[in-house]
Amino acid sequence: MLNSVVLMGRLTATPELKTTPSGVSVTKFCVAVERNYKTGEEKLSDFINVTAWRGTADFVCKYFQKGQMIAVVGSIQTGSYEKENEKRYTFEVVAEKVSFCGSKGNNNNNTIEN
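Every chain's residues receive numbers from 1 upward, in the order its sequence appears when written. For this predicted model, a pLDDT threshold of at least 70 governs which residues receive local features, and a threshold of 80 or more governs which side-chain atom pairs are given and counted, while totals over whole chains, interfaces and linings are taken from all residues. Side-chain metrics rest on all non-hydrogen atoms present in the structure, leaving aside hydrogens and water.

1. A look at the side chain of Gln68
Consideration 1: Numbering of helices and strands runs from the N terminus, with a helix taken as a DSSP run of H or I at least four residues long and a strand as a DSSP run of E at least two residues long. Assignment of secondary structure puts Gln68 in the loop between α1 (54–63) and β5 (69–83).
Consideration 2: In protein, a polar contact requires one atom able to donate a hydrogen and another able to accept it; more generally it is a pair of N or O atoms within 3.5 Å, and residues adjacent in sequence count only if both atoms are side-chain atoms. Here the side chain of Gln68 touches Gln65 through a polar contact of 3.0 Å, landing on its backbone nitrogen.

Structure follows, in C-alpha coordinates:
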(Lines give C-alpha, C1' and ligand atoms only; values in the text may rest on other atoms or scores of the structure.)
Protein backbone atom coordinates (compact mmCIF):
# COMPACT_ATOMS: atom_id res chain seq x y z
CA MET A 1 0.00 0.00 0.00
CA LEU A 2 1.11 3.55 -0.66
CA ASN A 3 0.04 6.87 0.82
CA SER A 4 2.32 9.55 -0.55
CA VAL A 5 1.63 13.18 -1.48
CA VAL A 6 3.84 15.75 -3.19
CA LEU A 7 2.63 19.37 -3.27
CA MET A 8 4.13 22.60 -4.50
CA GLY A 9 2.30 25.86 -3.98
CA ARG A 10 2.11 29.11 -2.04
CA LEU A 11 1.40 29.55 1.65
CA THR A 12 -1.92 31.30 2.26
CA ALA A 13 -0.76 32.69 5.63
CA THR A 14 2.43 32.86 7.68
CA PRO A 15 2.65 29.63 9.75
CA GLU A 16 2.51 29.95 13.55
CA LEU A 17 4.38 27.58 15.85
CA LYS A 18 2.42 25.96 18.66
CA THR A 19 3.45 23.45 21.29
CA THR A 20 1.44 20.51 22.60
CA PRO A 21 1.08 20.09 26.40
CA SER A 22 3.86 17.49 26.21
CA GLY A 23 6.21 20.00 24.55
CA VAL A 24 6.05 18.83 20.91
CA SER A 25 6.23 21.55 18.22
CA VAL A 26 3.38 21.63 15.68
CA THR A 27 2.11 23.98 13.01
CA LYS A 28 -0.84 23.86 10.64
CA PHE A 29 -0.80 25.79 7.38
CA CYS A 30 -2.59 25.91 4.04
CA VAL A 31 -0.95 25.59 0.63
CA ALA A 32 -2.66 27.02 -2.47
CA VAL A 33 -1.90 24.72 -5.42
CA GLU A 34 -2.87 25.82 -8.94
CA ARG A 35 -4.73 23.33 -11.09
CA ASN A 36 -3.45 22.51 -14.58
CA TYR A 37 -6.46 24.02 -16.32
CA LYS A 38 -8.51 27.23 -16.39
CA THR A 39 -12.17 28.13 -16.55
CA GLY A 40 -12.25 30.98 -19.03
CA GLU A 41 -9.54 33.44 -18.00
CA GLU A 42 -9.44 32.34 -14.36
CA LYS A 43 -6.92 29.85 -13.01
CA LEU A 44 -8.33 27.53 -10.37
CA SER A 45 -6.55 26.55 -7.16
CA ASP A 46 -6.99 23.93 -4.49
CA PHE A 47 -6.33 24.84 -0.86
CA ILE A 48 -4.66 21.95 0.96
CA ASN A 49 -4.35 21.86 4.76
CA VAL A 50 -0.98 20.63 6.02
CA THR A 51 0.25 19.74 9.52
CA ALA A 52 3.96 19.61 10.37
CA TRP A 53 5.44 18.25 13.61
CA ARG A 54 8.69 18.64 15.60
CA GLY A 55 11.73 19.86 13.62
CA THR A 56 9.72 20.22 10.43
CA ALA A 57 7.28 22.55 12.22
CA ASP A 58 10.18 24.58 13.65
CA PHE A 59 11.77 24.87 10.18
CA VAL A 60 8.55 25.95 8.46
CA CYS A 61 7.76 28.62 11.07
CA LYS A 62 11.31 29.99 11.07
CA TYR A 63 11.85 30.27 7.31
CA PHE A 64 8.48 30.54 5.53
CA GLN A 65 5.99 33.40 5.20
CA LYS A 66 2.66 34.10 3.52
CA GLY A 67 2.87 33.96 -0.27
CA GLN A 68 6.14 32.04 -0.37
CA MET A 69 6.49 28.90 -2.52
CA ILE A 70 6.85 25.66 -0.57
CA ALA A 71 7.25 22.02 -1.55
CA VAL A 72 5.74 19.43 0.78
CA VAL A 73 6.17 15.65 0.78
CA GLY A 74 3.93 13.73 3.15
CA SER A 75 0.90 11.50 3.51
CA ILE A 76 -2.87 12.01 3.61
CA GLN A 77 -4.61 11.60 6.94
CA THR A 78 -8.40 11.41 7.06
CA GLY A 79 -10.90 12.02 9.82
CA SER A 80 -14.59 12.53 10.41
CA TYR A 81 -16.93 14.29 12.77
CA GLU A 82 -20.65 14.82 13.15
CA LYS A 83 -22.33 18.21 12.86
CA GLU A 84 -26.09 18.67 13.07
CA ASN A 85 -26.58 14.88 12.79
CA GLU A 86 -24.62 14.81 9.54
CA LYS A 87 -21.30 12.99 9.22
CA ARG A 88 -18.56 15.15 7.70
CA TYR A 89 -15.19 14.03 6.44
CA THR A 90 -11.87 15.82 6.61
CA PHE A 91 -8.43 15.29 5.17
CA GLU A 92 -5.06 16.89 5.62
CA VAL A 93 -1.50 16.24 4.56
CA VAL A 94 0.96 15.37 7.33
CA ALA A 95 4.32 16.77 6.20
CA GLU A 96 7.33 14.48 6.32
CA LYS A 97 9.63 16.78 4.35
CA VAL A 98 9.42 20.45 3.31
CA SER A 99 11.64 22.37 0.91
CA PHE A 100 12.13 25.83 -0.46
CA CYS A 101 11.27 26.16 -4.14
CA GLY A 102 11.23 28.95 -6.66
CA SER A 103 14.05 31.19 -7.82
CA LYS A 104 17.41 31.05 -6.04
CA GLY A 105 17.25 34.82 -5.50
CA ASN A 106 14.27 34.34 -3.19
CA ASN A 107 15.11 31.09 -1.41
CA ASN A 108 17.91 28.75 -0.46
CA ASN A 109 17.74 25.14 -1.60
CA ASN A 110 17.23 23.64 1.87
CA THR A 111 15.12 20.69 2.95
CA ILE A 112 14.13 19.44 6.39
CA GLU A 113 12.69 16.04 7.30
CA ASN A 114 10.96 14.71 10.42
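2. Let's talk about the pairing of strand β3 (residues 25–39)
In summary, the side chains of a regular strand alternate between the two faces of the sheet.
Consideration 1: Where strand β1 (residues 5–11) and β3 come together, 2 bridges link them in antiparallel fashion. Across the sheet, residue Arg10 finds its bridge partner in β3, namely Ala32.
Consideration 2: Paired strands are those between which DSSP finds at least two bridges. Where strand β2 (residues 18–19) meets β3, 2 bridges bridge the pair, whose relative direction is antiparallel. Following the sheet pairing, Lys18 is matched in β3 by Val26.
Consideration 3: Linkage of β2 to β3, two consecutive antiparallel strands, is achieved through a turn of 5 residues, within which Gly23 is found at a positive phi near 90°.
Consideration 4: Summarising the sheet, β3 and strand β4 (residues 42–53) pair through 11 bridges and their orientation is antiparallel. If you follow Ala32 over to β4, its bridge partner there is Phe47.
Consideration 5: As consecutive antiparallel partners, β3 and β4 are separated by 2 residues, and within that stretch Gly40 has a phi angle of approximately 70°, a positive value.

3. Things to note about the pattern of salt bridges
Consideration 1: Whenever Lys or Arg places a side-chain nitrogen within 4 Å of a carboxyl oxygen from Asp or Glu, that contact is recorded as a salt bridge. In total, this model carries 3 salt bridges according to the counting rule given.
Consideration 2: Across the pair Lys28 and Glu92 runs a salt bridge, and its minimum N-O distance is 3.6 Å. Here Lys28 is found in strand β3, whereas its partner Glu92 is found in strand β6 (residues 86–100), with 64 residues between them in sequence.
Consideration 3: Relative accessibility decides the category of a residue: with a 1.4 Å probe and only protein chains considered, values under 20% of the type maximum give buried, values over 50% give exposed, and everything between is partly exposed. Of the residues examined, Glu92 reaches a relative accessible area of 18% and is grouped as buried.
Consideration 4: Taking the shortest distance from any N to any O, the salt bridge between Arg35 and Asp46 comes out at 2.6 Å.

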